[in-house]
Amino acid sequence: MLTKRIIPCLDVKDNRVVKGVNFLNLRDAGDPVELGARYSDTGADELVFLDITATIRSRKTIVELVERVAENVFIPFTVGGGIQTVEQIDELLRSGAEKVSVNTAAVGNPNLLTEASQRFGNQCVVLAIDARRSKERPGKWQVCVKAGSEPTDIDVIEWAAKGEELGAGEILLTSMDADGTKAGYDNELNKAVTDAVNIPVIASGGAGILEHLYDAIIDGGVDAVLMASITHFGNYTIRQMKEYLASRGIAVNL
Amino acid sequence: MIVVIDYNIGNVKSVCNAFRHIGCEVELSCEPQAVKDADGIVLPGVAAFGYAVSALGALAELIKEVALSGKPLLGICVGYQMLFDKSSEYGRHDGLGLICGNVVPIPPGRVIPHMGWNLVELPEDMDLFARLGSEKHFYFAHSFYAEVADSQARVAFADYGFDLPASVQKANIYGTQFHPEKSGKTGLKILENFAQICRQKNPT
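Residues numbered from 1 in each chain as written. Chains lettered and ligands numbered in written order. Predicted model: local features only at pLDDT ≥ 70, side-chain atom pairs only at ≥ 80, totals over all residues. Heavy atoms only, no water.

*Asks:* How should I be thinking about the environment of serine 14 of chain B in this particular structure?
*Replies:* As for its placement among the helices and strands, serine 14 of chain B is situated in helix α1 (residues 12-21). Taking the relative accessible area as the measure of exposure, serine 14 of chain B reaches 2% and is therefore buried. C-alpha of serine 14 of chain B to C-alpha of lysine 182 of chain B: the two residues are 168 residues apart in sequence and 8.0 Å apart in space. Discounting residues that sit within four places of it in the chain, serine 14 of chain B has contacts with Gly96 of chain A together with Glu181 and Lys182 of chain B. (Helix = DSSP H or I, 4+ residues; strand = E, 2+ residues; numbered from the N terminus. Buried < 20%, exposed > 50% of the residue type's maximum accessible area, 1.4 Å probe, protein only. Contact = heavy atoms within 4.5 Å.)

*Asks:* What's the story with the interface of chain B and chain A in this structure? I'm lost.
*Replies:* Interfaces are often sized by the amount of accessible area the parts lose when they come together. Counting residues at the interface gives 39 residues for chain B and 37 residues for chain A. Considering only the surface of chain B that becomes buried against chain A, Met115, Trp117 and Lys182 of chain B emerge as the three largest contributors, covering 23% of it. At the boundary of chain B and chain A, one finds one salt bridge. Lysine 13 of chain B is paired through a salt bridge with glutamate 67 of chain A; the nearest N and O atoms lie 3.3 Å apart. Counting the contacts that link chain B with chain A gives 17 residue pairs in polar contact (both at pLDDT 80 or more). The greatest single-element share of the side of chain B that touches chain A, amounting to six residues, is contributed by strand β8 (residues 114-121) of chain B. Considered class by class, the residues forming the side of chain B that touches chain A number 17 nonpolar, 15 polar and seven charged. (Buried area = accessible area lost by both parts, 1.4 Å probe. Salt bridge = Lys/Arg side-chain N within 4 Å of Asp/Glu carboxyl O. Polar contact = N/O pair within 3.5 Å; in protein donor to acceptor, adjacent residues only side chain to side chain. Nonpolar A, V, L, I, M, F, W, Y, C, P; charged D, E, K, R; others polar.)

*Asks:* Where do I start with the nonpolar core in this structure?
*Replies:* Nonpolar side chains tend toward joint burial in soluble globular proteins. Val156, Ile171, Val193 and Leu213 of chain A are the most contacted members of the largest nonpolar core, which has 79 residues in total. Ignoring any residue separated from it by four or fewer positions in sequence, one finds valine 193 of chain A in contact with Val156, Ile157, Ala160, Ile171, Leu173 and Val201 of chain A. Core analysis: the next-biggest nonpolar cluster, separate from the first, contains 78 residues, Leu2 of chain A together with Tyr7, Phe49 and Ala52 of chain B among them. (Core = buried A, V, L, I, M, F, W, Y, C linked by side-chain atoms within 4.5 Å.)

*Asks:* Sorry, what's going on with the side chain of threonine 186 of chain B here?
*Replies:* Mapping threonine 186 of chain B onto the fold places it in helix α6 (residues 184-201). In contact with threonine 186 of chain B, not counting residues within four places along its chain, are Leu132, Lys136, His137 and Phe138 of chain B.

*Asks:* Got a minute to help me understand unusual backbone geometry in this structure?
*Replies:* A negative phi angle characterises most non-glycine residues, just as the trans form characterises most peptide bonds. Residues isoleucine 112 of chain B and proline 113 of chain B are joined by a peptide bond in cis, for which omega reads 5 degrees. With respect to the helices and strands, the residue proline 113 of chain B is situated in the loop between β7 (101-105) and β8. One non-glycine residue with positive phi stands out, namely lysine 146 of chain A, at about 50 degrees. Inspection of the secondary structure puts lysine 146 of chain A in the loop between β7 (141-145) and β8 (150-155). Taking relative accessible area as the criterion, lysine 146 of chain A reaches 49% and is therefore assigned partly exposed. Positive phi is not limited to glycine here, since alanine 171 of chain B has a value of about 50 degrees.

*Asks:* What should I look at first to understand the sheet that holds strand β6 (residues 93-94) of chain B in this one?
*Replies:* To summarise the sheet geometry, strands pair through backbone hydrogen bonds and adopt either a parallel or an antiparallel arrangement. Residue and element names in this part refer to chain B. Strand order in this open sheet of four strands is β6-β5-β7-β10, and the pairing throughout is mixed. If you trace the sheet from one side to the other, it starts and ends with β6 and β10 (144-148), each paired once. The pairing of strand β5 (residues 86-87) with β7 spans two bridges and is parallel. Counted as the bridge partner of serine 87 is valine 103 from β7. (Pairing = 2+ DSSP bridges.)

Following this line, the structure appears as structure tokens:
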């Protein structure tokens, strides 16, 4: 049986993990490589590294980071943030990333998803969607781009379905309404998207307690749950999350 | 020395990193002489099948030749799928034909790609799984799979709502649909076992 995945997310700026990290006995809590290796050793199923600066200057830094992570981490990891071209995807995959996530660039140039999937296979093309509840259209969500700062008229459910059709192999779905609240994932959003697509969906934004992970999997129908602060700050270890899910009958890789 | 085939495609470095991590000498190369001299060869791959086959180009014949001469060969993911006869991913493509069978889409009715950690039942008589116990989780990421039709091949299966072939062994030819280099400590043991197989075939 395929297990549900627990995915810690590391936001990286200038080669450091930001948002603060405060768990285990790390020599250097801000080093993405050391943190990634620790997560790998303590049972994370996968990792996501997001380059939150995503400038031309940071591009080189992130490639070097991917190389260093790949030398030390033997679980899959996704890299995202500011990726615009097939050549950049190629460089990151070659440097050791398993998957690359695209967001703003795919909205501007949906063909990027097709080009990338035909060349690398769709399993390494992740479509990241930042979703916000629409004020104008109740019950709908709108796609936001440029790190969530710019709302568009695009409907999230339609975009997710189109993304699958174009070649995305997975959706990383962040609820901007839930993100940072620790009040739980937006499972209405998760359910609407998982009903609309047949590719795996990763829920992101809102994890605060263990029950939230269960709810996203059962109510939201997602294949994986992503979290940052509840694990970085040591509220829960990966093992605690997995033991909790297993105790409630969810298949996990313990 | 294990040679990882360098054919200008994603993921080759990860495989080298994993072998180095377990203290195994490994060389990334596309030189025919290095392939011929290797104790064992690894054909990795993160790519669409057609792209991978065309990227392999003339190396395909050499790999077939050394595999048929008895040198241990390990194919991973698309490198594993290329061991078979044909694939229908984005068009029709010929594989290496070392193991009988075709690469076909995962049947509908489940989430595709098959992505994540799936339990695999480990047959006792498959060398890659030596000392690993009866079942373990491995990391998969694929939309196509090999329908094994080779009576000489041993097969390990994963349950993904159907019996999904997860690994094959036919004489000195090995393959895993999953990524041992990305399957944590259990995956590294698979690579150790392959290194051990190579040492046994090439005693110093």
